[in-house]
Amino acid sequence: MSMLHLTYQVPGDDFTRAGEASGDVKHKLKKLGYEPDAVRRVSIAMYEGEINMVIHANGGQATVDIDPDRVDIILQDQGPGIADVEQAMQAGWSTAPDNVRALGFGAGMGLPNMKKYSDEMRIDSVVGEGTTVYMTVFPGRKEEGR
């Protein structure tokens, strides 16, 4: 059992509310005294996932388990799924429509940033059924390349 278990509904197609869940998690981690680097990495990875759910899957659910030595994030949707996960992981590759790009989203950095800012990441996706992304951030580890 985790120290803190949080569940959020991520609204679909509503960019004004995208980021509410990651913002709440960020606030809670700060309040719990997590180091700033871990708070930042969790916030970025989770926010990118929320945006992806808004753009591609009409929303979904975010579950976060917070423990002293790890933060586990599960993002689950019932969207169209990802046909080619390897291709989707390439920086700059995106299926976002033009209207989303006009808002400044959909640059194809969501999944690569999720991987960059988490310590572990796994994607389970079935076309026509949805996608589940599992991410873990270990607070004691620093972002690679720093």
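The structure presented is a predicted model; accordingly, all values stated were derived computationally and were not measured.

**Structural notes on the sheet that holds strand S2 (residues 59-67)**
And then number 1: Pairing within the open sheet is antiparallel, and its five strands lie in the order S1-S2-S3-S5-S4. Edge positions in the sheet fall to strand S1 (4-11) and strand S4 (120-126), since each has one partner strand and no second. Neighbour-to-neighbour, the strand axes of this sheet turn through a mean angle of 10°, independent of strand direction.
And then number 2: Examined bridge by bridge, strand S3 (residues 70-76) and strand S5 (residues 130-137) share six bridges and lie antiparallel to one another. Across the sheet, residue Val71 finds its bridge partner in S5, namely Val137.
And then number 3: Along the sheet, helix H5 (residues 110-117) contacts S3, S4 and S5; its crossing angle with S4, the most-contacted strand, is approximately 145°.

**Overview of the pairing of S2**
And then number 1: The buried fraction of S2 is high, at eight of nine residues.
And then number 2: By the bridge criterion, eight bridges tie S1 to S2 in an arrangement that is antiparallel. Counted as the bridge partner of Gln9 is Gln61 from S2.
And then number 3: As defined by bridge partners, S2 adjoins S3 across seven bridges and the pair is classed as antiparallel. Considered in S3, the bridge of Ile66 is made with Val71.
And then number 4: Counting the residues in the hairpin turn of S2 and S3 gives two residues.

**Observations concerning the pattern of salt bridges**
And then number 1: Following the criterion strictly, the structure yields seven salt bridges and no others.
And then number 2: In this structure, Asp24 and Lys28 form a salt bridge, with 2.9 Å as the shortest nitrogen-oxygen distance. Residue Asp24 and its partner Lys28 are both found in helix H1 (residues 20-32); the two are separated by four residues, about one turn of the helix.
And then number 3: By relative accessible area, Lys28 is classed as partly exposed at 25%.
And then number 4: Connected through salt bridges with shared partners, the residues Asp37, Arg40, Arg41 and Asp119 form a single ionic network.

**A word on the environment of Gly59**
And then number 1: Here Gly59 is to be found in strand S2.
And then number 2: The buried category is assigned to Gly59, whose relative accessible area is 4%.
And then number 3: Taking the C-alpha atoms as reference, Gly59 lies 7.5 Å from Gln9; in sequence the two are 50 residues apart.
And then number 4: Residues in contact with Gly59, not counting those within four places in the same chain, are Val10, Pro11, Gly12, Met53, Val54 and Asp77.

**Digging into unusual backbone geometry**
And then number 1: A positive phi is found at Asn58, a non-glycine position, where the angle reads about 55°.
And then number 2: Looking at the secondary structure, you find Asn58 in the loop between helix H2 (36-56) and S2.
And then number 3: Owing to a relative accessible area of 61%, Asn58 belongs among the exposed residues under this scheme.

**A look at H5**
And then number 1: With respect to burial, H5 is a largely interior element, six of its eight residues being buried.
And then number 2: The complete set of buried residues in H5 reads Gly110, Leu111, Pro112, Asn113, Met114 and Tyr117.
And then number 3: On its buried side, H5 packs onto H2, S3, helix H3 (85-88), S4 and S5.

Calculation criteria
Residues numbered from 1 in each chain as written. Predicted model: local features only at pLDDT ≥ 70, side-chain atom pairs only at ≥ 80, totals over all residues. Heavy atoms only, no water. Pairing = 2+ DSSP bridges. Helix = DSSP H or I, 4+ residues; strand = E, 2+ residues; numbered from the N terminus. Axes fitted to C-alpha atoms, helices over the stretch in contact; angles between N-to-C directions. Contact = heavy atoms within 4.5 Å. Buried < 20%, exposed > 50% of the residue type's maximum accessible area, 1.4 Å probe, protein only. Salt bridge = Lys/Arg side-chain N within 4 Å of Asp/Glu carboxyl O.

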